[in-house]
Amino acid sequence: MDANIVIVGAGLAGARAAVGLRDGGHRGDITVVGDESHPPYERPALSKDYLQGRSTAEALLVEPVEWYDEHDVTRVEGVAAERLDVAARQVHLADGRVLPYDTLVLATGAEPRRLDIPGAELALTLRRIEDSDALRAVYASSSSVVIVGGGWIGLETAAAARNAGLETTVIERMALPLQHVLGDDMAGYFAELHRRNGVDLRTSTSTDSITGSGPFVVRAGDESFAADVVVMGVGAAPNTALAEAAGLTVDNGIQVDALFRTSNPDVYAIGDVANARNTALSTSLRVEHWDNAIRQGRAVAQTILGRDSPFDWQPYFYSDQFDLGMEYVGHGSATDDVVLRGGLSGGDFIAFWLREGRLTAGMNVNVWDVNEDIRALIGRVIDPGALADPKIPLTDLR
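Residues numbered from 1 in each chain as written. Predicted model: local features only at pLDDT ≥ 70, side-chain atom pairs only at ≥ 80, totals over all residues. Heavy atoms only, no water.

*Asks:* What should I look at first to understand the overall build of the protein in this one?
*Replies:* The secondary structure content of the protein amounts to 10 helices and 25 strands. Over its C-alpha atoms the protein spans a radius of gyration of 22 Å, differing by no more than 12% from the 21 Å that the globule rule assigns to 398 residues. With the C-alpha coordinates of the protein rotated into their principal frame, the extents come out at 60 × 60 × 35 Å. Taking all 398 residues of the protein together, the buried fraction comes to 53%. Considering only contacts within the protein whose residues lie at least 6 apart along the sequence, 59% involve residues at least 24 apart. (Helix = DSSP H or I, 4+ residues; strand = E, 2+ residues; numbered from the N terminus. Rg over C-alpha atoms; globule rule 2.2 N^0.38 Å. Buried < 20%, exposed > 50% of the residue type's maximum accessible area, 1.4 Å probe, protein only. Contact = heavy atoms within 4.5 Å.)

Right under this line is the structure:
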């Protein structure tokens, strides 16, 4: 196949698409366009090991720098794609260059949201390697931090702050952190984990304003919180501006089918920006996780190469906080029933989410080499008693 392929977005999904195309035998031109001045890198460590100084920038790279030249993949770094002309099949770059394409892959990712409050721009966010560098530097020179938002990024950032010795306050508008993802029981476990490690966790509290210039003052409800640094972790918004301006269908991301095809036959979308049809779940889903970016990058390469394989992979993510390491697979709901294998007090257990007796998700906490066994059970109707019984191997339930 000799088609000219342009990939807009030089993150994990875009890089994996390029690798998949070359590994699959694509002989035509491949160009990867990114607005960051770095080779494609992975982002999870930015709020984990890299933020805490336990890994290097080189360790984040999707592929060694030499791979791109060795495989004849052109990288355009530090230049944003400014406009798509889908009729002419052209990508217009901010520096005036125009890249023609036969096939276009949009992997434009997402950007951190900011609350619509006075002083929101004073808070640091965490998405790019420079953000993590800045946060690590300010953690080293500060004694206190207020983190707005108790989602995954907020809690991981809080854990890094406590490990760095900072007085740490997390302000979360919900009654519990991660409540909308995990439900009350598991969200309560994460709340206790952080409080036990010295985090001042304020729940059911909305942030109203941020003022000052270091120290800052965060106003939330009837209280004010002073801190040397403020971090905002309130989710991410998909980067859909290019797609919208080009007339592609957009709804909570770029709408694509199970083969990542957009409303234009020459354009595909993957990764954080794609609201993709998942055949295993019989619904469209936009997933902002590492594993999803890898697998969608590989899968779109297969589609472009003519080896269609509808996307049916169950979502997966992981997190490290204090002495907790966890993996989650599936797509549960906060209203699902939760069954535990092992006790919460020991710190190592497996949680299962069931809806009408059918397993929707599982999370292994400080229990390893079981995630694939859990994945194999997703969608099955399983006796809750058998799930809870540690004497019954998970492999016997398959």
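Next, the rest of the story.
*Asks:* Just to check I follow, could you spell out the nonpolar core for this structure?
*Replies:* One broad trend across soluble globular proteins is that nonpolar side chains are buried collectively. Counting 53 residues, the largest nonpolar core has Ile7, Val91, Leu104, Leu106 and Phe260 as its most contacted members. If one sorts the elements of this core by residue count, helix α1 (residues 12-23) sits on top with 7 residues. Ignoring any residue separated from it by four or fewer positions in sequence, one finds Phe260 in contact with Val267, Tyr268, Ala269, Ile270, Ala276, Gln296, Ala299, Val300 and Phe311. One finds Ile129, Tyr139, Val145 and Ala161 within the second-largest nonpolar core, a separate group that totals 24 residues. (Core = buried A, V, L, I, M, F, W, Y, C linked by side-chain atoms within 4.5 Å.)

*Asks:* What's the story with the environment of Leu84 in this structure? I'm lost.
*Replies:* In this fold, Leu84 is placed in strand β4 (residues 81-85). Along the sequence, Leu84 and Glu244 sit 160 residues apart, while their C-alpha atoms lie 9.7 Å from each other. With residues up to four places along the chain from it excluded, the contact list for Leu84 reads Gln90, Val91, Leu104, Leu106, Leu242 and Ala246.

*Asks:* I tried to follow the pattern of salt bridges on my own but got confused; where do I start?
*Replies:* Two side chains that carry opposite charge are able to pair once their charged atoms sit near each other. Scanning all chains against the criterion turns up 21 salt bridges. Residue Arg43 is joined to Glu36 by a salt bridge in which the shortest nitrogen-to-oxygen separation is 3.0 Å. For Lys391, the salt bridge identified is with Asp389, shortest N-O distance 3.3 Å. Its relative accessible area of 70% is what places Lys391 among the exposed residues. (Salt bridge = Lys/Arg side-chain N within 4 Å of Asp/Glu carboxyl O.)

*Asks:* Sorry, what's going on with the sheet that holds strand β5 (residues 90-93) here?
*Replies:* Two orientations exist for strands paired in a sheet by backbone hydrogen bonds: parallel and antiparallel. Strand order in the open sheet made by the 3 strands is β4-β5-β6, with antiparallel pairing throughout. Bordering the open sheet on either side are β4 and β6 (98-100), each of which pairs with just one other strand. Between one strand and the next, the sheet's axes are offset by a mean angle of 20°, whatever the strand orientation. In this structure, β5 lies alongside β6, joined through 3 bridges in antiparallel fashion. Paired with Val91 across the strands is Leu99, a residue of β6. (Pairing = 2+ DSSP bridges. Axes fitted to C-alpha atoms, helices over the stretch in contact; angles between N-to-C directions.)

*Asks:* Quick question: what am I supposed to make of the side chain of Asp336 here?
*Replies:* With respect to the helices, strands and loops of the structure, Asp336 is situated in the loop between β22 (324-330) and β23 (337-341). For Asp336, a relative accessible area of 7% gives the class buried. Within the local environment of Asp336, its side chain forms a polar contact with the side chain of Arg355, the two groups lying 2.8 Å apart. Within the structure, Asp336 has its side chain in polar contact with the side chain of Thr360 (distance 2.8 Å). In this view, Asp336 contacts Trp353, Leu354, Arg355 and Thr360; residues no more than four positions away in its chain are not counted. (Polar contact = N/O pair within 3.5 Å; in protein donor to acceptor, adjacent residues only side chain to side chain.)

*Asks:* What am I meant to see in the packing of α1 against helix α8 (residues 290-304) here?
*Replies:* The axes of two packed helices give the description: the angle between them and the distance between them. With their axes 7 Å apart at the nearest point, α1 and α8 run at an angle of 35° to one another. Seen along the crossing, α1 lies across α8 with a hand that is right-handed. Contacts between α1 and α8 pair Leu12, Ala13, Arg16, Ala17, Gly20 and Leu21 from the former with Trp290, Ala293, Ile294, Gly297, Arg298, Val300, Ala301 and Ile304 from the latter. Residue classes in the contact of α1 with α8 are distributed as 10 nonpolar, 2 polar and 2 charged. (Left-handed = near helix turned anticlockwise from the far one by under 90°. Nonpolar A, V, L, I, M, F, W, Y, C, P; charged D, E, K, R; others polar.)

*Asks:* In this structure, what is going on with the sheet that holds strand β11 (residues 200-202)? I would like to understand it.
*Replies:* Strands sit in the order β11-β10-β9-β15 across an open sheet of 4 strands; the sheet is parallel. Looking at strand neighbours, the two that pair on one side only are β11 and β15 (229-232), the edges of this open sheet. With strand direction ignored, the average angle separating the axes of adjacent strands in the sheet is 15°. As paired strands, strand β9 (residues 144-148) and β15 are joined by 4 bridges and run parallel to one another. Bridge assignment links Ile147 to a residue of β15, and that residue is Val231. Each of β9 and β15 touches helix α4 (residues 129-140); the most contacted strand, β15, lies at about 145° to it.

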